[in-house]
Amino acid sequence: KQEVTQIPAALSVPEGENLVLNCSFTDSAIYNLQWFRQDPGKGLTSLLLIQSSQREQTSGRLNASLDKSSGRSTLYIAASQPGDSATYLCAVKGSYNTDKLIFGTGTRLQVFP
Amino acid sequence: DVKVTQSSRYLVKRTGEKVFLECVQDMDHENMFWYRQDPGLGLRLIYFSYDVKMKEKGDIPEGYSVSREKKERFSLILESASTNQTSMYLCASSREGLGYGYTFGSGTRLTVV
């Protein structure tokens, strides 16, 4: 059974820092991995989608990498801003011909001025 | 801009009421999903649908049912609401195929009193 873990559970950093959020998964047979952002009391906003054949994806100040063989993904946020404060979730679409996503429990990020 | 729309942001219902949560997507996606999100438990899949009039149980279907009469609309039904169904409910959709990501709605915060 696929399990997705995100460490740390919470992170507090000063504005301007570059930071890395980690996501690990137990079964490397995945089709893709998706990073989401969730603001308090809101839905999930998709940030980046990485296919299993890709090593990384970039969008603005965000860069996500994928290492399938080691079961890891990282989300790199450059020059963090207070507006980046949110919970970040990763999710994998696994094997066995299913369209279901398996979610991690998230990293709650606070960027203070 | 493509969208998944959940009809209510906040709902308060009484124990024993029948509750309908509505979700509409405008992307012609085949797959639709209902999750609930609780602190410490993450996102848990309730039901999903691969096509009109098709439905599949997720991880926690007890106490819920669903309806998909049209491709764009997926309804979650609480047959007799209970206080342990107080939660954030999130609807998502995706195109059929393993390479596609999810798009989420903005969520419905349901409180059962």
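From a predicted model like this one, the values you see are computed outputs, not experimental measurements.

**Concerning the overall build of chain B**
No. 1: Helix and strand counts for chain B stand at 0 helices and 11 strands.
No. 2: What you see in chain B, going N to C, is helices and strands ordered as β-β-β-β-β-β-β-β-β-β-β.
No. 3: Relative to a compact globule of 113 residues, whose C-alpha radius of gyration would be 13 Å, chain B shows 13 Å and is just as compact.
No. 4: Projected onto its principal axes, the C-alpha positions of chain B cover 40 × 25 × 25 Å.
No. 5: Residue burial in chain B is summarised as follows: out of 113 residues, 49% are buried.
No. 6: Residue pairs at least 24 apart in sequence account for 55% of intrachain contacts in chain B once pairs closer than 6 positions are excluded.
No. 7: Surface accessibility of chain B: about 5500 Å² in total, with carbon and sulfur atoms responsible for 49%.
No. 8: Charged side chains in chain B number 16 positive and 15 negative. The centres of these two groups are separated by 6 Å.

**Thoughts on the pattern of salt bridges**
All names here are of chain A.
No. 1: Overall, the coordinates contain 10 salt bridges over all chains when judged by the stated rule.
No. 2: Residue Asp 39 is joined to Arg 37 by a salt bridge in which the shortest nitrogen-to-oxygen separation is 2.9 Å.
No. 3: For Arg 37, a relative accessible area of 18% corresponds to the buried category.
No. 4: Note that Asp 84 is salt-bridged to Arg 61, the shortest N-O span being 2.8 Å. In this pair, Asp 84 sits in the loop between strand E8 (72-77) and strand E9 (86-93) while Arg 61 sits in the loop between strand E6 (56-59) and strand E7 (62-67), placing the two residues 23 residues apart along the sequence.
No. 5: Classification of Asp 84 as buried rests on a relative accessible area of 7%.

How each quantity is defined
- Sequence order sets the numbering: in each chain, residues are counted from 1 along the sequence as written.
- Chains carry letters from A onward and ligands carry numbers from 1 onward, assigned in written order.
- Under the rules for a predicted model, residues below a pLDDT of 70 receive no local features and side-chain atom pairs below 80 are neither given nor counted, while totals for whole chains, interfaces and linings still include all residues.
- As a rule here, side-chain values cover all heavy atoms of the structure and leave hydrogens and water aside.
- Numbering of helices and strands runs from the N terminus, with a helix taken as a DSSP run of H or I at least four residues long and a strand as a DSSP run of E at least two residues long.
- Each radius of gyration is computed over the set of C-alpha atoms, and the globule rule expresses the reference value as 2.2 Å times the number of residues to the power 0.38.
- Exposure is judged per residue with a 1.4 Å probe applied to protein chains only, and the accessible area is read against the type maximum: over 50% gives exposed, under 20% gives buried, and values in between give partly exposed.
- Throughout, a residue-residue contact means that at least one pair of heavy atoms, one from each residue, lies within 4.5 Å.
- Surface accessibility follows the Shrake-Rupley procedure with a 1.4 Å probe radius. Residue values consider only the protein chains on display as shielding.
- When charges are tallied, Lys and Arg are placed among the positive residues and Asp and Glu among the negative ones, while His and the ends of the chain are skipped.
- Charge positions are represented by NZ for Lys, CZ for Arg, CG for Asp and CD for Glu.
- Take a side-chain nitrogen of Lys or Arg and a carboxyl oxygen of Asp or Glu: if they are within 4 Å of each other, that pair is a salt bridge.

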